[in-house]
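A look at the structure
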Amino acid sequence: MESLSSLWPTILSTIVDVAPIVGVLVLFQVAVLRRKLPNPGRMIAGFVFVLLGLAFFLVGLEQALFPIGETMARQLTGAETVGPQSAADGVDWRDYWLVYTFAAAIGFATTIAEPSLIAVAIKAEDVSGGTVRAWGLRLAVAVGVALGVALGCFRIVTGTPLPWYIMAAYVIVIVQTFRSSKTIVPLAYDSGGVTTSTVTVPVVAALGLGLAASIPGRSPLIDGFGLIAFASVFPIMTVLGYAIIASWLNQRRKTIESKDG
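Here we summarise the structure given alongside this text. Counting of residues starts from 1 at the beginning of each chain's written sequence and follows it residue by residue. Thresholds applied to this predicted model are a pLDDT of at least 70 for local features of residues and 80 or more for the giving and counting of side-chain atom pairs; totals over whole chains, interfaces and linings are not thresholded and use all residues. Only hydrogens and water are set aside when side-chain values are computed; all heavy atoms of the structure are taken into account.

On to the overall build of the protein. For the protein, the helix and strand inventory stands at eleven helices and zero strands. Numbered from the N terminus, helices here are DSSP runs of H or I no shorter than four residues, and strands are runs of E no shorter than two. Secondary structure elements of the protein, listed N to C terminal, follow the sequence α-α-α-α-α-α-α-α-α-α-α. Burial here depends on accessible area, computed with a 1.4 Å probe over protein chains only, as a share of the maximum for the residue type. Under 20% is buried, over 50% is exposed, and the range in between is partly exposed. Counting the 261 residues in the protein, one finds 36% classified as buried. Contacts are residue-level and defined by heavy atoms, with any inter-residue pair within 4.5 Å sufficient. Sequence-distant contacts in the protein: of pairs separated by 6 or more residues, those separated by 24 or more amount to 78%. What sets the accessible areas is the Shrake-Rupley method with a 1.4 Å probe; for residues, cover comes only from the shown protein chains. Roughly 15,100 Å² of accessible area belongs to the protein as shown, and the carbon and sulfur atoms make up 70% of that amount. The centroid of the 17 positive side-chain charges in the protein is displaced by 16 Å from the centroid of its 15 negative side-chain charges. Working convention for charge: Lys and Arg count positive, Asp and Glu count negative, and His plus the chain ends are omitted. Where a charge sits is defined by one atom per residue type, namely NZ (Lys), CZ (Arg), CG (Asp) or CD (Glu).

A few words on the packing of aromatic side chains. Working definition: rings of Phe, Tyr and Trp (its six-membered ring) pair if their centres are within 6.5 Å, and the pair is stacked with planes under 30 degrees apart, edge-to-face with planes over 60 apart, and tilted otherwise. Under the criterion given, the structure shown has four aromatic pairs. On the basis of an interplanar angle of 20 degrees and a centroid distance of 6.2 Å, the ring pair of Phe-230 and Phe-234 is categorised as stacked. Here Phe-234 and Phe-230 lie together in helix H11 (residues 227-260), a separation of four residues that amounts to about one turn. Phe-234 gets classed as buried once you look at its relative accessible area, which sits at 13%. Grouped by ring-pair contacts, the aromatic residues Trp-93, Tyr-100 and Phe-154 constitute a single cluster.

Surface patches are defined over residues having more than 30% relative accessible area and no salt bridge, joining like charges when they lie within 9 Å and nonpolar side chains (Val, Leu, Ile, Met, Phe, Trp, Tyr) when within 5 Å. Whenever Lys or Arg places a side-chain nitrogen within 4 Å of a carboxyl oxygen from Asp or Glu, that contact is recorded as a salt bridge. Taken together, the side chains of Val-24, Leu-27, Phe-28, Val-32 and Leu-33 present a nonpolar region at the surface, about 480 Å² in accessible area. Along the chain, Val-24 turns up in helix H1 (residues 2-32). For Val-24, a relative accessible area of 45% corresponds to the partly exposed category.

Moving on, we come to the pattern of salt bridges. Overall, the coordinates contain one salt bridge when judged by the stated rule. In this structure, Arg-133 engages Glu-125 in a salt bridge whose closest nitrogen and oxygen atoms are separated by 3.7 Å. What makes Arg-133 exposed here is its relative accessible area of 51%.

Let us now look at the side chain of Thr-111. Looking at where Thr-111 falls in the secondary structure, it is placed in helix H4 (residues 97-112). A distance of 2.7 Å separates a polar atom in the side chain of Thr-111 from the backbone oxygen of Gly-107. In contact with Thr-111, other than residues within four places in its own chain, are Leu-117, Val-141, Ala-142, Val-145, Thr-195 and Thr-200. What qualifies as a polar contact is a pair of N or O atoms within 3.5 Å, subject to a donor-acceptor requirement within protein and to the restriction that residues adjacent in sequence count only when both atoms come from side chains.

Shown next as structure tokens:
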């Protein structure tokens, strides 16, 4: 009953949020293009499904994904796991290896299940004629998110400034961009964006906030956010690295075949 009581306000809020999008689409279709809406009944039903889906999703975030992420962070940083600590004693980053392991595992798992990434990977395989494998792309992105989230948790534990990591990561990305094939660069950059979507963001954000709230001397506002940035940039690095390695292996194979021939 509590879930149902919180559903109606969420539905009303979702209607208010989606209304401008509907208004723009209808305005351009009717006033600018001067054409009737194709299949209006089906479109209305589709918007109803979108509203209900968003409402259920938001309620699920508040009642399941956010709480479980924060709960896991508290349990992994509790005294029974890392030992009693205080702000005066300081924080030893080596005591939190379970946090890094969990962060990498949850980052990998949520990315593999990310609907946006699945759609992009399938389209990339179709457009490339099979040159880019859907599963290969998904695995490369998932490894990047796993590394990024684990490193982001390390940053929260150590309390080091976020800009250092992000600037260093983008320097690597820029170098990789100039060394990669032009055909893979746009896909790599898009992969970093689509992976931070409906499944990954809630869990990773909850993990960061819960971790910052559980460690002495850390501020959830200052230290809790920033994991999404890691989850965005590191997939670009891994996809570009995957493409560079694949290209090198392909050239080496051709060189060996030419020598043998």
